[in-house]
Amino acid sequence: MLNPDDGQNVYIQQNFKNINLAQARLNSKEFDNCIFKDCNFSETIFQNCKFYECEFTGCNLSLIKIKACNFFDVVFEDCKLIGINWTEATWPKVKLSSPFKFYKCSLNYASFFGLSMKEMIMTECSAKEVNFREADCTEANFSYTDFSGSLFNHTLLIRADFSEATNYDINVFENEVKKAKFSLPEAIRLLNYLDIEIVE
């Protein structure tokens, strides 16, 4: 059982299921190779926490705060992650690959502004109105994800995979899209920023 006030600060290879810690506060907790399933952490405040090689499945983490938290190789599947400012976490000075993998998650209204998210996996997700400005998403896998209203500006999308992704608005003059992969007919959206007229 995970109790914010139990005095335990390190959890190794533990499984947490159906925990409800909505609006709780977790300070200086470390989770190593832990599994979280069907847990409710909505509006929970995580401060100075560390997550190493953890998995979250079917969890609600909407509107969590992650001030000064560390993440390394964390997987989220079928999770609600709405409204999270990922820039609040502690990021290494050396730009490494993305510490996250997202599968079939809702990431609406999140911010990855200016972060190094190389090789990020965000597949079959809802990423509406997400801020990717100035982020490094080199070789990211964004396949089958909905990007309605999301912001891309000075974003590195080199060799990023947008196969079967939808509703993205990417200005090819203000973002680096060299060797990125897009699918038709959605890729026609890339022509919106060209001074051309398309006729049927």
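All of the points below concern the structure found in this document. (Residues numbered from 1 in each chain as written. Predicted model: local features only at pLDDT ≥ 70, side-chain atom pairs only at ≥ 80, totals over all residues. Heavy atoms only, no water.)

Considerations on the overall build of the protein chain
Move 1: The helix and strand inventory of the protein chain stands at zero helices and 14 strands.
Move 2: Listed N to C, the secondary structure of the protein chain is β-β-β-β-β-β-β-β-β-β-β-β-β-β in terms of helices and strands.
Move 3: In terms of C-alpha radius of gyration, the protein chain reaches 18 Å, essentially the compact-globule figure of 16 Å for 200 residues.
Move 4: Every one of the 200 residues in the protein chain was classed for burial, and the buried ones make up 44%.
Move 5: Accessible surface computed for the protein chain: about 10,500 Å², of which carbon and sulfur atoms make up 46%.
Move 6: The positive charge centre, built from 20 side chains, and the negative charge centre, built from 28, are 5 Å apart in the protein chain. (Helix = DSSP H or I, 4+ residues; strand = E, 2+ residues; numbered from the N terminus. Rg over C-alpha atoms; globule rule 2.2 N^0.38 Å. Buried < 20%, exposed > 50% of the residue type's maximum accessible area, 1.4 Å probe, protein only. Areas by Shrake-Rupley, 256 points an atom, 1.4 Å probe, with all protein chains shown as cover. Lys, Arg positive; Asp, Glu negative; His and termini not counted. Charge placed at Lys NZ, Arg CZ, Asp CG, Glu CD.)

Looking at empty space enclosed by the protein
Move 1: Enumeration over the complete set of coordinates arrives at one cavity of 30 Å³ or more.
Move 2: Here the largest cavity defines a volume of roughly 50 Å³.
Move 3: Together, Phe46, Phe51, Phe56, Leu61, Ile64, Phe71, Phe76, Leu81 and Trp86 line the largest cavity.
Move 4: Among the residues making up the lining of the largest cavity, the classes are represented as nine nonpolar, no polar and no charged. (1 Å grid on protein atoms, 1.4 Å probe; cavity = no way out; pocket = protein on both sides within 12 Å on 5 of 7 lines; lining within 4 Å. Points joined across faces, edges and corners; volume = space filled by probe spheres on them. Nonpolar A, V, L, I, M, F, W, Y, C, P; charged D, E, K, R; others polar.)

Description of the packing of aromatic side chains
Move 1: This model, assessed by the stated rule, comprises 36 aromatic pairs.
Move 2: When the centroid spacing of 5.5 Å and the interplanar angle of 70° are considered together, the rings of Phe31 and Phe36 count as edge-to-face. Of the two residues, Phe31 and Phe36, both sit in the buried class.
Move 3: Ring geometry for Phe147 against Phe152: centres 5.7 Å apart, planes inclined by 65°, an arrangement best described as edge-to-face.
Move 4: Looking at Phe147, the relative accessible area reads 0%, which means it is buried. (Phe/Tyr/Trp six-rings, centres within 6.5 Å; stacked < 30°, edge-to-face > 60°.)

Some thoughts on the environment of Val74
Move 1: Relative to the helices and strands, Val74 is located in strand E10 (residues 74–77).
Move 2: The class for Val74 is buried, based on a relative accessible area of 0%.
Move 3: Between the C-alpha atoms of Val74 and Glu55, which are 19 residues apart in sequence, the distance is 5.9 Å.

Observations concerning the sheet that holds strand E2 (residues 15–17)
Move 1: Taken together, the six strands give an open sheet; going across it, the order is E2-E5-E8-E10-E11-E12, and neighbouring strands pair in parallel fashion. Among the strands making up the open sheet, the edge pair consists of E2 and strand E12 (121–123). Averaged over all pairs of adjacent strands, the angle between strand axes in this sheet comes to 10°, irrespective of strand direction.
Move 2: Relative to strand E8 (residues 55–57), strand E5 (residues 35–37) runs parallel, the two sharing three bridges. Each residue of the ladder has a partner; that of Phe36, found in E8, is Phe56. (Pairing = 2+ DSSP bridges. Axes fitted to C-alpha atoms, helices over the stretch in contact; angles between N-to-C directions.)

Looking at the nonpolar core
As a rule of thumb, nonpolar side chains are buried together in soluble globular proteins.
Move 1: With 60 residues, the main nonpolar core has Phe36, Phe56, Phe76, Trp86, Phe102, Phe112 and Met122 as its most contacted residues.
Move 2: Among residues more than four places away in sequence, those in contact with Phe102 are Phe76, Leu81, Trp86, Leu107, Phe112, Met120, Ile121, Met122, Thr123 and Cys125. (Core = buried A, V, L, I, M, F, W, Y, C linked by side-chain atoms within 4.5 Å. Contact = heavy atoms within 4.5 Å.)

Description of a nonpolar patch on the surface
Move 1: On the surface, a nonpolar cluster with roughly 290 Å² of combined accessible area is contributed by Leu184, Ile188 and Leu191.
Move 2: Take Ile188: its relative accessible area is 43%, and that puts it in the partly exposed class. (Patch = residues over 30% accessible without salt bridge, like charges linked within 9 Å, V, L, I, M, F, W, Y side chains within 5 Å. Salt bridge = Lys/Arg side-chain N within 4 Å of Asp/Glu carboxyl O.)

Quick word on the side chain of Ser42
Move 1: Secondary-structure assignment places Ser42 in the loop between E5 and strand E6 (45–47).
Move 2: Not counting chain neighbours up to four residues away, the residues in contact with Ser42 comprise Ala22, Gln23, Asn60 and Ser62.

Just geometry here; none of it tells us what the structure is for.
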